[in-house]
Amino acid sequence: MSDRPADNREQFRPDDHDNDHFLLTSVVGSYKKPKWLDRARELYEDEDDNFGDTEWEEAKDDAARLITEEHERAGLDTVVDGEMRRTEMVEYFAERIEGYEFNGRVKVWGHNYFNKPSVADEVEYGEQWLVDEFEFTDSVADRPVKVPITGPYTLANWTFNEAYEDDEALAYDLAELVNEEIEQLVDAGARYIQIDEPALATTPDDHAIVGECLERIVADIPEEVRIGLHVCYGDYSRIYPEVLDYPIDELDLELTNGDYEQIDVFTDPEFTLDLALGVVDNHTAEVESVAEIKENIQQGLKVVPPEQLTVSPDCGLKLLPREKAYRKMENMVTAAREVEAELDAGEIDVPALGETASADD
């Protein structure tokens, strides 16, 4: 079992929360960038233009402020700046880690490409990765800020390894660097860190490697700092129940897109972590109704009681039009608050506790 107590979520309950029950609402991270930010990047990267460092930093600040405020307006309990300063989830970090180099763009799926890096030398911690991002977002936010960070296993798995004997050794060195960055984020005031490991469920035989990486990541991190692990895609039965041994507080899963076909995987043995359940689909622009999302939230109550349940989108929302992403978040928060009220009234079953609404009447 994980030796990190999952009892640090109450700090994210808003002071004006109306219901006795509290379903923590959040987002995974990425969000659609405003078109003008993409245009600003083009100007900044054009050597013939006089759009300089000052203008580029101002543009990123404005975008981060805009999306943070958008998340708060939707009613989220914890917010992210939509990763407005980041490019791709591996590329952004590789640009800041000594030992990486780039050799061109690689097609990953559909018409999507990313600048897949190579590890040409031993990795070392150079400049800070996310501290400035967090400090700015925290300064403009009224709600607590969550910090997503790509995990070491994915950083190793989604790069060309030209310097280490194997990806396992590379992942362990990267885990030490992630730990160093998180320590600096904690010193800056961060209390909610999400490790993104989408590669885990696609190569599940390596779950022990991910576990060892996480042990290194959380070393000396205070227990009041909430550590989440986001996993998406793949066959979850190949990593469960092993993930229960991970030193994390919360496991964040993409399940809406698969119509919760895998939800029963997490009912035996007992799920002992907090569950961050995807309740809206990031793959479709169709906006789920409040009623649909309430049904999705109740899927999570099959696995954990309400005090262990977080609700969020399946994954990042960067591929959706902003107005669609916003409406999904807004409906998600409304659904969570309605489910809380119905739980308060004893009107909803909690199968994870063996309780039915009628038994409480």
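Predicted model, so just to flag it, every value in this text is computed and none were measured.

Here's the deal with unusual backbone geometry
- A cis amide bond links tyrosine 240 with the next residue in sequence, proline 241, at an omega value of 15°.
- Mapped onto the secondary structure, proline 241 falls in the loop between β9 (226–231) and β10 (250–253).
- Of note, the amide linkage connecting aspartate 268 to proline 269 takes the cis form, showing an omega dihedral of 0°.
- Residue position: proline 269 is located in the loop between β10 and β11 (274–280).
- Phi angles above zero are rare outside glycine, and aspartate 259 is one such case at about 55°.
- A positive phi angle, near 60°, is found at tyrosine 260, a position not held by glycine.
- Residue placement: tyrosine 260 occurs in the loop between β10 and β11.

Some points on the pattern of salt bridges
- Taken as a whole, this structure holds 22 salt bridges when the rule is applied.
- For the salt bridge of arginine 86 with glutamate 133, the shortest nitrogen-to-oxygen distance reads 2.7 Å. Taken together, the positions of arginine 86 in the loop between α2 (53–74) and α3 (91–94) and glutamate 133 in helix α4 (residues 131–140) put the pair 47 residues apart, joining distant regions of the chain. The same class applies to arginine 86 and to glutamate 133, which are both buried.

Points about the nonpolar core
- In this structure, Ile193, Ile195, Phe271 and Ile297 are the most contacted members of the largest nonpolar core, which totals 106 residues.
- Looking at this core, the element that brings in the most residues is helix α6 (residues 167–187), giving 10 residues.
- Among all residues touching isoleucine 193, those that are not within four sequence positions of it are Val147, Ile149, Ile182, Leu185, Val225, Arg226, Ile227 and Gly228.

Section: a negative patch on the surface
- On the surface, Glu98, Asp121, Glu122, Glu124 and Glu127 cluster together into a patch of negative charge.
- If one sorts the elements of the negative patch by residue count, strand β5 (residues 117–125) sits on top with three residues.
- Relative to the assigned elements, glutamate 127 resides in the loop between β5 and α4.

Concerning the environment of alanine 345
- The topology assignment puts alanine 345 in the loop between α9 (322–344) and α10 (357–360).
- Each C-alpha atom, one on alanine 345 and one on aspartate 20, is 9.9 Å from the other, the two residues being 325 residues apart in sequence.

As for the packing of helix α8 (residues 290–300) against α9
- In the contact formed by α8 and α9, the axes pass within 8 Å of each other and the chain directions differ by 60°. It follows from the interaxial angle that α8 and α9 lie oblique. α8 and α9 meet at a crossing whose hand is right-handed. Side by side, α8 and α9 meet where Val290, Ile293, Lys294 and Ile297 of the first sit next to Lys328, Asn331, Met332, Thr334, Ala335, Ala336, Glu338, Val339 and Glu342 of the second.
- The residue inventory of the contact of α8 with α9, partitioned by class, reads seven nonpolar, two polar and four charged.

Thoughts on the side chain of glutamate 133
- We classify glutamate 133 as buried; its relative accessible area is 6%.
- Contact partners of glutamate 133, with chain neighbours within four places excluded, come to Asp81, Arg85 and Arg86.

Section: the packing of aromatic side chains
- Tallying each qualifying case throughout the model produces nine aromatic pairs.
- When the centroid spacing of 5.0 Å and the interplanar angle of 35° are considered together, the rings of phenylalanine 12 and tyrosine 192 count as tilted. Remark: tyrosine 192 occurs in strand β8 (residues 192–196) and phenylalanine 12 occurs in the segment before β1 (24–25); sequence separation between them is 180 residues. Of the two residues, phenylalanine 12 and tyrosine 192, neither departs from the other in class, the shared state being buried.
- In this structure an aromatic cluster arises from ring pairing among Tyr92, Phe93, Tyr125 and Trp129.
- Against the face of phenylalanine 136 rests arginine 85, its NZ or CZ located 5.0 Å from the ring centre.
- One residue, arginine 96, lies across the ring of tyrosine 92, its end atom 3.7 Å from the ring centre.

Regarding the sheet that holds strand β7 (residues 160–161)
- If you walk across this open sheet you meet the three strands as β2-β5-β7, and the pairing is mixed. Bordering the open sheet on either side are β2 (97–102) and β7, each of which pairs with just one other strand.
- One ladder, built from two bridges, connects β5 with β7; its direction is parallel. Considered in β7, the bridge of valine 119 is made with asparagine 161.

As for the pairing of β5
- Strand direction decides the pairing type here: β2 and β5, joined by five bridges, are antiparallel. Note that in β5 the partner of phenylalanine 102 across the bridge is proline 117.

Topic: the sheet that holds β11
- Sheet architecture is open: seven strands sit in the order β1-β12-β11-β10-β9-β8-β6, paired in parallel fashion. The open sheet is flanked by β1 and β6 (147–150), the only strands paired with a single partner.
- In this structure, β10 lies alongside β11, joined through four bridges in parallel fashion. From the neighbouring strand, leucine 253 faces β11, where its bridge partner is leucine 277.

Calculation notes
- Residues numbered from 1 in each chain as written.
- Predicted model: local features only at pLDDT ≥ 70, side-chain atom pairs only at ≥ 80, totals over all residues.
- Heavy atoms only, no water.
- Helix = DSSP H or I, 4+ residues; strand = E, 2+ residues; numbered from the N terminus.
- Salt bridge = Lys/Arg side-chain N within 4 Å of Asp/Glu carboxyl O.
- Buried < 20%, exposed > 50% of the residue type's maximum accessible area, 1.4 Å probe, protein only.
- Core = buried A, V, L, I, M, F, W, Y, C linked by side-chain atoms within 4.5 Å.
- Contact = heavy atoms within 4.5 Å.
- Patch = residues over 30% accessible without salt bridge, like charges linked within 9 Å, V, L, I, M, F, W, Y side chains within 5 Å.
- Areas by Shrake-Rupley, 256 points an atom, 1.4 Å probe, with all protein chains shown as cover.
- Lys, Arg positive; Asp, Glu negative; His and termini not counted.
- Charge placed at Lys NZ, Arg CZ, Asp CG, Glu CD.
- Axes fitted to C-alpha atoms, helices over the stretch in contact; angles between N-to-C directions.
- Parallel < 35°, antiparallel > 145°, perpendicular 65-115°, else oblique.
- Left-handed = near helix turned anticlockwise from the far one by under 90°.
- Nonpolar A, V, L, I, M, F, W, Y, C, P; charged D, E, K, R; others polar.
- Phe/Tyr/Trp six-rings, centres within 6.5 Å; stacked < 30°, edge-to-face > 60°.
- Lys NZ or Arg CZ within 6 Å of the ring centre and 35° of its normal.
- Pairing = 2+ DSSP bridges.

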